[in-house]
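Coordinate analysis (summary)
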Amino acid sequence: MLPDTLAVCRLPSDSPLPTWASGESPFITVSRTPEELSITTLEALVPPDVTCERGYRAVRVRGPLPLDLIGILAAIADPLADAGLSIFAISTFETDYVLVKARDFEKAVATLERAGHRISR
């Protein structure tokens, strides 16, 4: 489990990387597509006027994971979907992160534990 509350932000695709997203942070991920600049980082770092979904908590899948490993994300996403919980998934080169709304976090952790996952608190 990651300890901090996160925000998932959307900026115009041609936006420069904002200073709040380029400083020191224990968690930050940036993706740019032709449609958007997406930034996920600590909620406390994001200015109030930025378009965001706030109030996320994350579970980190223990890695590193081989890139050709099959079914890891599904093994996490499926029980959460069955419990009616939506997710925002982020994959890096070495592992996956599954974000759920903070209000649903304890339910998500309990759901994953019932599905056989071990969660380090």
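Going by the structure above, here's the rest.
The present account deals with the structure reproduced in this document. (Residues numbered from 1 in each chain as written. Predicted model: local features only at pLDDT ≥ 70, side-chain atom pairs only at ≥ 80, totals over all residues. Heavy atoms only, no water.)

**Here we look at the side chain of Ser38**
Short version of the rule: Under the scheme used here, helices are H or I runs from DSSP no shorter than 4 residues and strands are E runs no shorter than 2 residues, and both carry numbers assigned from the N terminus. When a residue's accessible area, from a 1.4 Å probe over protein chains only, is under 20% of the maximum for its type it is buried; when over 50% it is exposed; and in between it is partly exposed. Working rule for contacts: check all heavy atoms of both residues, and any pair within 4.5 Å makes them a contact.
With respect to the helices, strands and loops of the structure, Ser38 is situated in strand S3 (residues 37–42). On the accessibility criterion, Ser38 (15% relative accessible area) is buried. Residues in contact with Ser38, not counting those within four places in the same chain, are Cys9, Thr29, Val30 and Ser31.

**Details of a nonpolar patch on the surface**
The condition that has to hold: Patch definition: residues above 30% relative accessible area lacking any salt bridge, with like charges linked at up to 9 Å and the nonpolar side chains Val, Leu, Ile, Met, Phe, Trp and Tyr linked at up to 5 Å. Only the protein chains shown count as covering a residue, and every accessible area follows the Shrake-Rupley method with a 1.4 Å probe. We define a salt bridge as a side-chain nitrogen of Lys or Arg found within 4 Å of a carboxyl oxygen belonging to Asp or Glu.
A contiguous nonpolar surface patch, about 210 Å² in accessible area, is contributed by Leu17, Ile28 and Val30. As for its placement among the helices and strands, Ile28 is situated in strand S2 (residues 28–32). For Ile28, a relative accessible area of 33% gives the class partly exposed.

**With respect to the packing of helix H1 (residues 72–82) against helix H2 (residues 105–114)**
For the record, the criterion: Here, axes are lines fitted to C-alpha atoms. For helices the fit covers the stretch in contact, and angles between N-to-C directions go from 0 to 180 degrees. Should an angle fall under 35 degrees it is called roughly parallel, over 145 degrees roughly antiparallel, and 65 to 115 degrees roughly perpendicular, with every other angle called oblique. In this scheme the handedness of a crossing depends on how the near helix is turned from the far one: anticlockwise by less than a right angle means left-handed, clockwise means right-handed. Asp, Glu, Lys and Arg are counted as charged, while Ala, Val, Leu, Ile, Met, Phe, Trp, Tyr, Cys and Pro are counted as nonpolar; the rest, among them Gly, fall into the polar class.
Running from N to C, H1 and H2 cross one another at 120°; their axes reach a closest spacing of 9 Å. As summarised for this structure, H1 and H2 are arranged oblique, according to the angle between their axes. At the point where H1 passes H2, the crossing takes the right-handed sense. When H1 is examined against H2, the residues Ile76, Pro79 and Leu80 are found in contact with a partner set consisting of Ala108, Thr111 and Leu112. Here the residues of the contact of H1 with H2 are counted per class, giving five nonpolar, one polar and no charged.

**Re the state of the cysteines**
For clarity, the threshold we go by: Throughout, disulfides are identified as pairs of cysteine sulfur atoms within 2.5 Å of each other.
Across all of its chains, the model carries one disulfide by this definition. In this model, Cys9 is linked to Cys52 through a disulfide, with the two sulfur atoms separated by 2.3 Å. Here the disulfide of Cys9 and Cys52 is right-handed, its torsion about the S-S bond being about 90°. Here the residue Cys9 occupies a position in strand S1 (residues 6–11), and Cys52 occupies one in strand S4 (residues 52–60), the gap between them amounting to 43 residues. On the basis of relative accessible area, Cys9 is assigned to the buried category, the value being 1%.

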